[in-house]
Amino acid sequence: MRLSKLFFPLLFIYSLTSFAQTEVKELDLWKFYKGDEAKASQIDFDDSSWESVSIPHDWAIYGPFDKGIDKQVVKIQQNNEKEATEKTGRTGALPFIGTGWYRTSLDLPDFRDNKQVLLAFDGAMSNAEVFVNGIKVGSRPYGYSYFNLDISDYVQSEGPNVIAVRLENLPFSSRWYPGAGLYRKVRVVVKNKVSFKYWGHFVTTPFISENLAKINIRSQVQGENVIIVTQIKDADGNIVARNTASERYDDEIEQNIAVKNPKLWDTERPYLYTAELKLYQDDVLKDTEVVRFGIREIKYTPNKGFELNGKVTKFKGVCLHHDLGPIGTAVNRAALKRQLTILKDLGCNAIRSSHNMPSFEQLELCDEMGFLFLAESFDEWKRPKVKNGYNLYFDEWAEKDVVNLVHATRNHPCIVMWSAGNEVPDQVGSDGVKRLRFLQDVFHREDPTRPVTVGMDRVKNVMESGFGAILDIPGLNYRVHLYDEAYKKFPQGLLLGSETASTVSSRGVYKFPVVKVAGKTYSDLQCSSYDLEYCSWSNIPEVDFVMQDDKPWVIGEFVWTGFDYLGEPTPYDNFWPSRSSYFGLCDLAGLPKDRYYLYRSRWNTKDETLHILPHWNWEGREGETTPVFVYTNYNSAEVFINGKSQGIQRKNNDSKLNRYRLMWMDVKYEPGTLKVVAYDDQGKAVAEKVVVTAGKPHHIELEVDRETVVANGEDLCYVTATIVDKNGNPCPKASNRLYFEVKGNGKYRAACNGDATSLELFHKPTMKAFNGKLVVLVQSSTQAGDIELTVSGDELKKERIKISSKESIE
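Residues numbered from 1 in each chain as written. Predicted model: local features only at pLDDT ≥ 70, side-chain atom pairs only at ≥ 80, totals over all residues. Heavy atoms only, no water.

Caption draft 1: Representation of the overall build of the protein chain. Scanning the protein chain from terminus to terminus reveals ten helices and 52 strands. Against the compact-globule benchmark of 28 Å for 810 residues, the protein chain has a radius of gyration of 27 Å, which places it among compact chains. Over its C-alpha atoms, taken along the principal directions, the protein chain stretches across nearly 85 × 65 × 55 Å. Within the protein chain, the proportion of its 810 residues that are buried is 63%. Across the protein chain, contacts joining residues at least 24 apart in sequence account for 71% of those joining residues at least 6 apart. (Helix = DSSP H or I, 4+ residues; strand = E, 2+ residues; numbered from the N terminus. Rg over C-alpha atoms; globule rule 2.2 N^0.38 Å. Buried < 20%, exposed > 50% of the residue type's maximum accessible area, 1.4 Å probe, protein only. Contact = heavy atoms within 4.5 Å.)

Below, the structure written as structure tokens:
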């Protein structure tokens, strides 16, 4: 797949949204035991004393935090470390290590010899061993891999069928918090033996014009003398095309269907069609699958970049780890949608699943909301980063895991690129080149429509070895100073910033004096939100901005990271109690940091951005230099302190900072009012923002991310609690302890304050605010009705808010 010009026609999303002749049941109620039991797989084992849990489930997120958990004495080569040091919070300091068992029962009264039963796992962390009625039916070591097992020969129609799953997480097996347990969904699929194969459709479009899209559907089937009848419907349910096909090659039936006047899927208008595919044998309906899809065209061109539907589009992307902050890794659609909603307002248009296979829920939301997606597979190949990482499984499982990744997700229109790995040590040496060829060939064999990248950090090595030249899309992690050299040496004619910036900050924390510095640490284990602190291997955002804006062959970036995540508390890897990251544009609670607005001022080209920092509560700093920064999409602004102008600043090309930030470096602090007025290019005042010195904490204000939730027992409402003074001004340094009580048709789920050093447990109904804020998660029940949240605090007036829970939301 050489990149003289890479052209990738339309792909479709494949989601098993409904079946006829096939029954799909989510297995959500299980018994759980943390520990090992020699006979737990047996039918007659007594699990009555085990904990009852709902799947998805992360057994480790409930803590407690402990510096001794997975303590690693290691030299992190990716961080340019010269000697090994003790890392206490690298994997989040939560108890994910060890063995856990899950058990459930399944009745199959209608099971017959002509039926097939599949047990499907979206993810199981990790080293899964699966038993049905006491017999081991399969295993999967990689915790991020999707897999399914045919259990038809092991189930019975009379009496319950016992399913048991043993999981074991080894120490020194991860570089971040991986979670633990059946953290993604588990399903049982009962179908006719004559049916579509699981993950059996592959849909592309070899031709798209304004008037016509040619849709090619290749379906894997099982059974003889079968016919497929297909209807394609638009978003309103109107039938726009029909087709019947029976010609078969091996187990595949291919269809070519014309859709007239197609509406294309893109990041602004993610239009989705549905296809209803019915499988008949001798005029008897055997299987039906309803598939949602979107029509779009992708192309990668040297010196020009990435095109979506013929329009050059830069990746304005973020990297995301799979944990969801206070609820851990247990996948939740509402939590994922909240993340994506926040990122949409940022102006972000792309997601990289770092460094593992994404959840189906995340991909479905990206299809619906219009995000491009870089789907990553591995953080490690054969050469280890951690002792018990994927290196133990690579030889036996790498191809199988890639095949499942591609087959399960290749029809999502959001996915526009695969990643075969991230910063793998195999970049060095000839064996690594061979492994890259092997993996890229597997991706191409299973999906010839998308390119493959790898996040490379050994840029000098990959330029010399040929590793980088093999890739469809060379991805560079940091190393911005080598972009020009790599562009000249690599033959592809373009580069991707597969991981960028790694600037660090703590929400609402500001350090003086204000200087640009790498690897800076402080006694409070926080980082300054002046956004000038970064790591030894990384840089401030503006270094990337210049390359993205000035070099058309740089096709975009994926910022490290969109949200803080559990584990990797750089630059405090060896400082306890730091246990989560500082990299995010948003903190662990999902609250935007100042840096969010720096990116928003550049990425969100439709909405106004005017953000001023720092806060203006600096008792004891009267008369001292307190720089003021403004992040805005306007080119000039004026700052006032208590009505006195501090002058007008204009963006210019004198330095990278001046090109993207407005800075008043000599402001002297005095309490009162800090105001910024933004001007358009004609010098007209068009917007202003005011920050005032707040008084003493007085009461709590509550704000919901949504007023209505679905009464499904899973939906979440995120409520931001802000401590304010008697006039309603936010108190930016408040750390009052808050208490949470939920009444009605819902329950308290968790809370998070975004403090990377807090050891308070997320599921307890109390937590201290961090810099005046925290977020409370309220979960729906299965009964519709009102939910009331009360938040009270030490020496604060309490506040209540109501949330509506309904059976469905339009």
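Caption draft 2: Region of interest: the sheet that holds strand β9 (residues 98–106). The sheet built from six strands is open, its strands ordered β6-β5-β9-β14-β11-β12 with antiparallel pairing. Looking along the sheet, the strands with just one partner apiece sit at the ends: β6 (51–54) and β12 (135–140). Direction aside, neighbouring strands of the sheet carry axes that sit 25° apart on average. Sheet topology places strand β5 (residues 29–34) next to β9; four bridges connect them, and they run antiparallel. Within the sheet, the bridge partner assigned to F32 lies in β9 and is Y102. (Pairing = 2+ DSSP bridges. Axes fitted to C-alpha atoms, helices over the stretch in contact; angles between N-to-C directions.)

Caption draft 3: Here's a closer look at the packing of helix α3 (residues 394–409) against helix α4 (residues 430–446). One can describe the packing of α3 onto α4 by two numbers: an axis separation of 9 Å at closest approach and a directional angle of 30°. Between α3 and α4, the crossing angle belongs to the class labelled roughly parallel. The crossing of α3 and α4 is right-handed. Seen from α3, the contacting residues are F394, A398, E399, V402, V403, L405, V406 and H407; seen from α4, they are R435, F438, L439, V442, F443, R445 and E446. Classifying every residue of the contact of α3 with α4 by side-chain character gives ten nonpolar, one polar and four charged. (Parallel < 35°, antiparallel > 145°, perpendicular 65-115°, else oblique. Left-handed = near helix turned anticlockwise from the far one by under 90°. Nonpolar A, V, L, I, M, F, W, Y, C, P; charged D, E, K, R; others polar.)

Caption draft 4: Just the environment of A756, in detail. Within the secondary structure, A756 sits in the loop between β48 (746–752) and β49 (766–768). In the structure, A756 is positioned 24 residues away from S780 in sequence and 28 Å away in space, judged by C-alpha atoms.

Caption draft 5: Quick look at the side chain of N539. On the secondary structure map, N539 appears in the loop between β35 (533–534) and α8 (541–550). There is a polar contact of 2.9 Å between the side chain of N539 and the side chain of D544. Aside from chain neighbours lying at most four places away, what touches N539 is V480, A501, S502, T503, Y534 and D544. (Polar contact = N/O pair within 3.5 Å; in protein donor to acceptor, adjacent residues only side chain to side chain.)

Caption draft 6: Seen up close, helix α1 (residues 333–346). Over its 14 residues, α1 extends 20 Å from the first C-alpha to the last, a length consistent with the 20 Å expected when each residue adds 1.5 Å. Its buried side turned inward, α1 meets β27 (315–320), β28 (350–353), α2 (360–369), α9 (594–603), β46 (716–724) and β50 (773–780). Among the residues of α1, the N-terminal cap falls to N332, whose side-chain oxygen and the backbone nitrogen of A334 are separated by 3.0 Å. Directly after α1, the chain includes G347, whose backbone phi takes a positive value near 95°. (Expected span 1.5 Å × (residues − 1).)

Caption draft 7: Seen up close, the pairing of strand β31 (residues 452–456). Extensive coverage of β31 is indicated by the burial of five of its five residues. What you see with β31 is no split at all: V452, V454 and M456 on one side and T453 and G455 on the other are buried throughout. In this fold, strand β30 (residues 415–422) hands off to α4, which returns the chain to β31; that crossover is right-handed. Bridge count for β31 against strand β32 (residues 473–477) is four bridges, and the pairing is parallel. (Right-handed = clockwise from strand over helix to strand, strands pointing away.)

Caption draft 8: Focus on the packing of α8 against α9. One can describe the packing of α8 onto α9 by two numbers: an axis separation of 12 Å at closest approach and a directional angle of 15°. Relative to α9, the element α8 lies roughly parallel. Where α8 crosses over α9, the two elements pack in a sense that is right-handed. In contact with P541, E542, F545, Q548 and D549 of α8, α9 contributes R595, L598, Y599 and R602. Of the residues belonging to the contact of α8 with α9, the class tally is four nonpolar, one polar and four charged.

Caption draft 9: Representation of unusual backbone geometry in the model. Cis geometry is adopted by the peptide bond preceding P64, which originates at G63 and carries an omega value of 5°. Within the element layout of this structure, P64 appears in the loop between β6 and β7 (72–74). With an omega of -5°, the peptide bond running from M125 to S126 counts as cis. As for its position among the elements, S126 is in the loop between β10 (115–121) and β11 (128–132). Of note in the backbone geometry, S502 takes a positive phi value of approximately 50° without being a glycine. Looking at the element boundaries, S502 is found in the loop between β33 (495–501) and β34 (517–518).

Caption draft 10: Region of the structure containing the pattern of salt bridges. Scanning the entire structure with this criterion turns up 46 salt bridges. The residue E399 makes a salt bridge to R445 at a minimum N-O spacing of 2.9 Å. Here E399 is found in helix α3, whereas its partner R445 is found in helix α4, with 46 residues between them in sequence. (Salt bridge = Lys/Arg side-chain N within 4 Å of Asp/Glu carboxyl O.)

Caption draft 11: Examining the packing of aromatic side chains more closely. Taken as a whole and assessed by the stated rule, the structure comprises 42 aromatic pairs. Arranged with centres 6.5 Å apart and planes meeting at 75°, the rings of F394 and F438 form a pair that is edge-to-face. One end of the pair, F394, is in helix α3; the other, F438, is in helix α4, with 44 residues separating them in the sequence. With a relative accessible area of 32%, F438 lands in the partly exposed category. Taken together, a centroid distance of 5.1 Å and an interplanar angle of 70° make the contact between F545 and Y660 edge-to-face. (Phe/Tyr/Trp six-rings, centres within 6.5 Å; stacked < 30°, edge-to-face > 60°.)

Caption draft 12: The sheet that holds strand β39 (residues 636–641), seen in detail. Read from one edge to the other, the open sheet built from four strands follows the order β40-β39-β42-β43, with strand pairing classed as antiparallel. Where the open sheet ends on each side, the last strands, each with one partner, are β40 (644–650) and β43 (685–692). Strand-to-strand twist across the sheet, computed as the mean angle between neighbouring axes with direction ignored, equals 20°. Where β39 meets β40, five bridges bridge the pair, whose relative direction is antiparallel. Of the residues in β40, the one forming a bridge with F640 is S645.

Caption draft 13: Region of the structure containing α3. Taking 1.5 Å per residue as the helical rise, α3 with its 16 residues ought to reach 22 Å, and the 21 Å between its terminal C-alpha atoms agrees with that figure. Among the residues of α3, those classed as buried are F394, W397, A398, D401, V402, V403, N404, L405, V406, A408 and T409.

Caption draft 14: Looking closely at the environment of R737. Residue placement: R737 occurs in strand β47 (residues 737–744). Of note is the side chain of R737, whose polar atom sits 2.8 Å from the side chain of E760.

Caption draft 15: Representation of the pairing of β10 within the structure. Here β10 lies mainly inside the structure; seven of its seven residues are buried. Residues K115, V117, L119 and F121 of β10 are buried on one face, and the alternating residues Q116, L118 and A120, pointing to the opposite face, are buried as well. Where β10 and strand β15 (residues 186–192) come together, seven bridges link them in antiparallel fashion. Among the inter-strand pairings, V117 is bridged to a residue of β15, identified as V190.

Caption draft 16: Main features of the environment of T453. Relative to the helices and strands, T453 is located in strand β31. T453 sits 184 residues away from R269 along the chain, and the two C-alpha atoms are 27 Å apart. The residues touching T453, leaving out its near neighbours within four places in the chain, are L374, M417, W418, S419, A420, G421, L471, I473, P474 and G475. For T453, the side chain forms a polar contact with the main-chain oxygen of I473, separated by 2.7 Å.

Caption draft 17: Here's a closer look at the confidence of the model for the protein chain. In the predicted model, the protein chain carries a mean pLDDT of 95, and the fraction of residues at 70 or more is 97%. Scored below 50 in pLDDT, residues 1–20 makes 104 contacts in the model with residues more than four places away or belonging to other chains. (pLDDT = per-residue confidence, 0-100.)

Caption draft 18: The state of the cysteines, seen in detail. Counted under the stated rule, the structure contains zero disulfides. For C366, which is in no disulfide, the shortest distance to another cysteine sulfur is to C414 and amounts to 5.2 Å. Of the residues examined, C366 reaches a relative accessible area of 0% and is grouped as buried. (Disulfide = S-S within 2.5 Å.)

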